[in-house]
Amino acid sequence: MHDPTFDPFALDRRRLLQLGAAVTAGAIAHPLFAANGASSSGPAAGRPTPPETGAPFGIPPEDLRAVLAVAMGRGGDFADLYFERTRSLQLVCEDDKISRAATSADLGMGVRVVKGDTVGYAFTEVLDLKAMKQAASTAAAIAQGKPGVVPQAIALAKLPRFYDPEIRHGAVAVEAKRNLVLGVNEALRKKDARIVKTVVTYTDSDHEIYVVTSEGLSFHDHQPMSRLIASCVAEQAGRRETGLYNIATRKDFSVYTPQALQRLVSEAVRRTVMMFDAVTPKGGEMPVVLGAGPSGILLHEAIGHGMEADFNRKNTSVYASKMGKAIAEPFVTIVDDGTLTDARGSIHVDDEGSASQKTVLVDNGKLASYLHDRISAKHYGVAPTGNGRRESFRHVPMPRMRSTYMEKGPHSRDEIVQSVKKGLYCESFSNGQVNIGGGDFTFFLKTGWLIEDGKLTRPVKDVNLIGNGPEVLTRISMVADDLTIDEGGWTCGKNAQSVPVSQGMPTVLVKAITVGGAA
Amino acid sequence: MSNAMNQEQKTAERALDQVKKLGAQDAVVVVRASRGVEVQVRDGKLEKLQESRSAGMTVHVYADGRYAAHTTSDLRPTELNAFLSDAVKLTRMLDPDPERTLPPPELVLRKPAELPLSDAEYGKLDTDRRKKLAAAVDAAGHGDPRVISVTANLSDEDGGTVMLGSNGLHGVQRGTYYGLSAEVTVSEGDKRPEEWSQAAGRKLTALGKPEALGKEATQRALDRIGAKTQKGGELALVVENRAVGTLLSFYLQAATGSALQQKRSFLDGQAGQLVASELLTLRDDPTLADGLGSRSFDRDGLPAQAFPFIENGKLLNFFVDWYYGKKLGMKPTSGGWSNLVATPGKDPLATLVQQAKTGVLVTSFSGGNSNPLTGDFSVGIQGRLIVDGAIGPPVTEMNLTGNHKTFWKRLEALGNDPWLAGSLRVPSLRFAGAAIAGGKA
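All figures in this text were calculated on a predicted structure; none of them were measured in a lab.

Trainee: Before we move on, can you summarise helix H3 (residues 129-140) of chain A with the specific residues and values?
Mentor: With 12 residues, H3 of chain A should reach 16 Å at 1.5 Å per residue; the first-to-last C-alpha distance of 16 Å fits that figure. All of the buried residues along H3 of chain A are Ala131, Met132, Ala135, Ala136, Thr138, Ala139 and Ala140 of chain A. Of the surrounding secondary structure, the elements contacted by the buried residues of H3 of chain A are helix H2 (61-71), strand E2 (78-94), strand E3 (97-115) and strand E4 (118-124) of chain A together with strand E2 (45-63) of chain B.

Below is the structure:
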């Protein structure tokens, strides 16, 4: 709601939300169950538009150089221009009809000038030369010196291919998306007689970026995204419960196959009706088994944010003095990976022109690398790791995660569950948060089970889990061989900027975590 | 943005005409414009200077019984025509929804009745003065050798909205906003506790002394040194004013027309019932001159009016907008809260702590969530132990778990210190025993 200023750091910063957890939820179409996942009308899966010709965003090279000349005109060390165009669509089915639809179109360019650790920034929503030069002049004002070097030519870099940059969700007929949403809704309704309300939400976006640097390099990418969320309310003997499931991806529309939609529907319903049997656990410290997939939220909060190099550069992270040291068992390897095929968190290039990569944070138990943007990489004298990301052209980039997960380990899931006499098994999560300096983090369990004598017995009501990053890492005592990247959509918030991320995990045993619950 | 929003007004008029010409029976056009500056100073050095100037339009199209909202930041006339044409076309592809209508003319604001939410001094604030304000916060935060880093941030904005509807709706509202904050990290071996402080307001004068903010954040961070988990149990709870908003926003998720209509509210059927302690009175007031949530009209264009939400513990109203109001057969109040104001108590925080005798003082919540359907919530807490009626050692890694249906009935006292740096203006609160989980300690 409207509360622009509430708790600026503790809440607006570093907040991870599963899409749909805080928002209303989301959907499948009968045509899809019937036949192939691809749409029945319109270009099959958002593909085709002829290849674009001419300069990206229609900006001629001489204009780029002219704007860069203004940006570097007062002695900045470095400048970049970030052009961005986004179109998006959202369809919401409530009360068995499309009750809400929204589109948005956004276009603009941000100019950043860096001088030492100081950043000047301005943006324009009008891409004419005059407006762009004006923004550059504003950003340049942080420096006071002789004009810097302006590139003679601007080369366009070739990008790798971790997803298909030719995808245009805008080219898929709205009719197909509408059918998808209504179909999922109907399937939810039919799945269980106890379902009394359903909300199905479909969202897609076509996101085009063009980064031009004062070093004479440029990077042009299209980053497609879509997601489908199914949420329901069930009623039994006068009691109501709610649950949801979602799929988020950079794949094209054909991702919504009958199998995927059935999984979406079954999981959404199962996660709802299981809550009728849920109990509030007794609170306190206990062994916690993190199920494969969404439990990657632990990594995101317990270590990922703490390894973002801006916090370490400022010496404000709990990990700032631990580089190269053993912080977990030797079978623990944690990575942040921008290269996973079609993952929501994948990028070909970051938002300041550094190549995406797979970055190892913890290598066989030892702290190995921070997540860098340009500024922090320069500070540490290392190469950027491709983590410089931003919410939009209205924001400056900073180190952010992509897809964060733990590599598989030597144990098996069954072996792990059976080893616990009394504890908690975590299946899905909705959100989390961390204090960077103290290392204390929380993550919120949406669905989980009591473990009694090595068996999953009863579902538990949603509770909060809380731990300390470095301490929890030392308590990871078993890691299974079943690494799963969660297919649900996650959005990470830091300094009031949101970016899409992914996460994953094999089944893991943490010897003790504090679980919220009854006194 | 232009001074009287004249340009935005013209843009909105043209768009409304155009959408009607394109065949939409009804439409509402919202045009927003804003400018702002953000200055960040860290440890004596300017870290970031950002200037923003932004405009955009949202068109709510009602065509042939169908509804959709379309937003763009590209207001060039040629682009706008194409955008509006696509907007109407897409809306027509959807399904009819008989409940999607505009409120009748007699219910909406038809003549702008602007609230004075702008600081006349805004234009006089230059970059140097901004840097000085942030630098003063930063400098005041330093001094103790345990301080690792201080970041001071000043964000300000001057913005406005014009809203025009085919039902005669005409609203204009401008406003300024200033937020000044400090974040401080201090040293505790490998751990680096951090804390913050903030002031915010519609006028620059509302920010108070920058030095006080820097000092407060540092003191709070130093107070975190040595924080550890403690044994949990059923403990008395005092929640400091700055943290109360988290709990209250959890509660409010269940208080909307949308939550009611979608059967996602534990407050369903509770209208007129006692849902909280009789000490609790919460009133929504969009008309406060200094309120950060103030507005002269809401998202449906209904004129601002104050109404009671909870009075002496009784639930009197929900936040119902026009659409869900129609579906529920309820009179619309407003789809979202503006400034939610609690009737404060007489005592300062120190007295609440004294009254609690033994328990926990929560200074901030961490993560957590709340289920608006069942009322169950669980959230991480940071704060201080309360020992013999006095503030004791810092605690962390603990969880508060409860259910809103019973939790708010255990409210035993309100402080005299409403939080003014946000739109939930609620003072510190004291609750009888709450379920707090901790470690082995």
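Trainee: Break down the domain arrangement of chain B for me, with residues and values.
Mentor: When the parts of a complex come together, some accessible area is lost, and that lost area is often taken as the interface size. All names here are of chain B. Assigned domains within chain B: domain 1 (6-223) and domain 2 (227-441). Spacing between the C-alpha centres of domain 1 and domain 2 amounts to 25 Å. Taken together, the contact between domain 1 and domain 2 spans 36 residues of the former and 31 residues of the latter. Taken together, both faces of the contact between domain 1 and domain 2 bury some 2500 Å²; the carbon and sulfur share is 56%. A per-residue breakdown of the area domain 1 buries against domain 2 is headed by Glu99, Leu115 and Arg202, which together make up 20% of the total. Where domain 1 touches domain 2, the interface holds four salt bridges. For arginine 242, the salt bridge goes to glutamate 216, with nearest N and O atoms at 4.0 Å.

Trainee: I'd love a proper account of the nonpolar core, names of residues and values included.
Mentor: Counting residues in hydrophobic clusters, the biggest one holds 50 residues, and the most contacted among them are Leu81, Phe83 and Val111 of chain A. With residues up to four places along the chain from it excluded, the contact list for valine 111 of chain A reads Ala71, Asp80, Leu81, Gly120, Tyr121, Ala122, Met132, Ala135, Ala136 and Ala139 of chain A.

Trainee: How would you sum up the domain arrangement of chain A? Please name residues and give values.
Mentor: All names here are of chain A. Partitioning chain A into domains gives domain 1 (15-277) and domain 2 (284-515). Its C-alpha centre places domain 1 at a distance of 23 Å from the equivalent point of domain 2. Taken together, the contacts link 53 residues of domain 1 with 57 residues of domain 2. Interface of domain 1 and domain 2: buried area, both sides summed, is about 4500 Å²; carbon and sulfur atoms make up 53% of it. At the junction of domain 1 with domain 2, the criterion picks out eight salt bridges. Of the charged contacts, one joins aspartate 77 and lysine 378 as a salt bridge, the two residues approaching to 3.8 Å between their closest N and O atoms. At the surface where domain 1 touches domain 2, the tally comes to 23 residue pairs in polar contact (both at pLDDT 80 or more). Elements represented by at least two residues in the side of domain 1 that touches domain 2 include exactly strand E1 (15-18), E2, E3, E4, strand E6 (195-213), strand E7 (217-236), strand E8 (239-249) and helix H5 (258-273). A per-element tally of the side of domain 1 that touches domain 2 places E3 first, with seven residues. A class-by-class count of the residues in the side of domain 1 that touches domain 2 yields 26 nonpolar, eight polar and 19 charged.

Trainee: Explain the interface of chain B and chain A residue by residue, including any values.
Mentor: The interface is formed by 93 residues belonging to chain B together with 92 residues belonging to chain A. In this assembly, chain B packs against chain A so that about 7600 Å² is buried in total across both faces, 47% of it on carbon and sulfur atoms. Across the contact surface, chain B and chain A share seven salt bridges. Between aspartate 95 of chain A and lysine 327 of chain B there is a salt bridge, with its nearest N and O atoms 2.6 Å apart.

Trainee: Kindly report on the pattern of salt bridges, identifying the contributing residues and their values.
Mentor: All chains considered together, the criterion is met by 58 salt bridges over all chains. Of the charged contacts in the structure, one is a salt bridge between aspartate 190 of chain B and lysine 322 of chain A, with a shortest N-O distance of 2.8 Å. With aspartate 190 of chain B in the loop between strand E5 (170-186) and strand E6 (194-201) and lysine 322 of chain A in the loop between helix H7 (309-313) and strand E10 (334-337), this pair bridges two chains. Judged by its relative accessible area of 39%, aspartate 190 of chain B falls in the partly exposed class. The residue aspartate 156 of chain B makes a salt bridge to arginine 130 of chain B at a minimum N-O spacing of 2.7 Å. Here aspartate 156 of chain B, found in strand E4 (residues 147-165), pairs with arginine 130 of chain B, found in helix H3 (residues 127-141); they are 26 residues apart in sequence, far enough to count as distant. Neither aspartate 156 of chain B nor arginine 130 of chain B differs from the other in exposure class; each is buried. Within this structure, Glu195, Glu216, Arg220, Glu240 and Arg242 of chain B form a network of salt bridges that share partners.

Trainee: Provide a residue-level description of the packing of helix H4 (residues 174-191) of chain A against H5 of chain A, including the pertinent values.
Mentor: All names here are of chain A. H5 packs onto H4 with a crossing angle of 45° between their chain directions and a minimal axis gap of 10 Å. Between H4 and H5, the interaxial angle falls into the category oblique. Judged by the sense of rotation from one axis to the other, the crossing of H4 with H5 is right-handed. Side by side, H4 and H5 meet where Leu180, Val184, Ala187, Leu188 and Lys191 of the first sit next to Leu261, Leu264, Val265, Ser266, Ala268 and Val269 of the second.

Trainee: Residue-level account of the packing of aromatic side chains, with values.
Mentor: The tally for this structure, following the rule as stated, stands at 24 aromatic pairs over all chains. With a centroid separation of 6.2 Å and 75° between ring planes, the pair formed by tyrosine 202 of chain A and tyrosine 256 of chain A is classed as edge-to-face. Of this pair, tyrosine 202 of chain A sits in strand E6 while tyrosine 256 of chain A sits in the loop between E8 and H5, and the two are 54 residues apart along the sequence. Relative to phenylalanine 407 of chain B, the ring of phenylalanine 377 of chain B has its centre 5.2 Å away and its plane inclined at 80°; by these criteria the two rings are edge-to-face.

Trainee: Kindly report on helix H8 (residues 349-356) of chain B, identifying the contributing residues and their values.
Mentor: An α-helix turns once every 3.6 residues. As a result, residues three or four positions apart point the same way. Residue and element names in this part refer to chain B. By the burial criterion, the buried members of H8 are Leu349, Thr351, Leu352, Val353 and Ala356. Buried-residue contacts for H8 involve strand E7 (233-239), strand E12 (359-370), strand E13 (376-387), strand E14 (390-403), strand E15 (411-414) and strand E17 (429-437). Following H8 by one or two positions, lysine 357 adopts a phi angle in the positive range, close to 65°.

Trainee: Let's hear about unusual backbone geometry: which residues, and what values?
Mentor: Residue and element names in this part refer to chain A. If you check the backbone angles, aspartate 96 has positive phi at about 65° while not being a glycine. Topologically, aspartate 96 is positioned in the loop between E2 and E3. Owing to a relative accessible area of 39%, aspartate 96 belongs among the partly exposed residues under this scheme. The phi angle at alanine 237 is positive, at roughly 50°, despite the residue not being glycine. Positionally, alanine 237 belongs in the loop between E7 and E8. By relative accessible area, which is 83% here, alanine 237 ends up exposed.

Trainee: I'd love a proper account of the side chain of threonine 281 of chain B, names of residues and values included.
Mentor: Residues and elements named next belong to chain B. Considering the arrangement of structural elements, one finds threonine 281 in the loop between helix H6 (257-261) and strand E8 (282-284). A relative accessible area of 14% places threonine 281 in the buried class. Among the polar contacts made by the side chain of threonine 281, one reaches the main-chain amide nitrogen of asparagine 312 at a distance of 2.9 Å. When neighbours within four sequence positions are excluded, threonine 281 is seen to be in contact with Ile310, Glu311, Asn312, Val341, Ala342 and Thr343.

Rules of the game
- Residues numbered from 1 in each chain as written.
- Chains lettered and ligands numbered in written order.
- Predicted model: local features only at pLDDT ≥ 70, side-chain atom pairs only at ≥ 80, totals over all residues.
- Heavy atoms only, no water.
- Helix = DSSP H or I, 4+ residues; strand = E, 2+ residues; numbered from the N terminus.
- Expected span 1.5 Å × (residues − 1).
- Buried < 20%, exposed > 50% of the residue type's maximum accessible area, 1.4 Å probe, protein only.
- Contact = heavy atoms within 4.5 Å.
- Domains from an automatic or database assignment.
- Buried area = accessible area lost by both parts, 1.4 Å probe.
- Salt bridge = Lys/Arg side-chain N within 4 Å of Asp/Glu carboxyl O.
- Core = buried A, V, L, I, M, F, W, Y, C linked by side-chain atoms within 4.5 Å.
- Polar contact = N/O pair within 3.5 Å; in protein donor to acceptor, adjacent residues only side chain to side chain.
- Nonpolar A, V, L, I, M, F, W, Y, C, P; charged D, E, K, R; others polar.
- Axes fitted to C-alpha atoms, helices over the stretch in contact; angles between N-to-C directions.
- Parallel < 35°, antiparallel > 145°, perpendicular 65-115°, else oblique.
- Left-handed = near helix turned anticlockwise from the far one by under 90°.
- Phe/Tyr/Trp six-rings, centres within 6.5 Å; stacked < 30°, edge-to-face > 60°.

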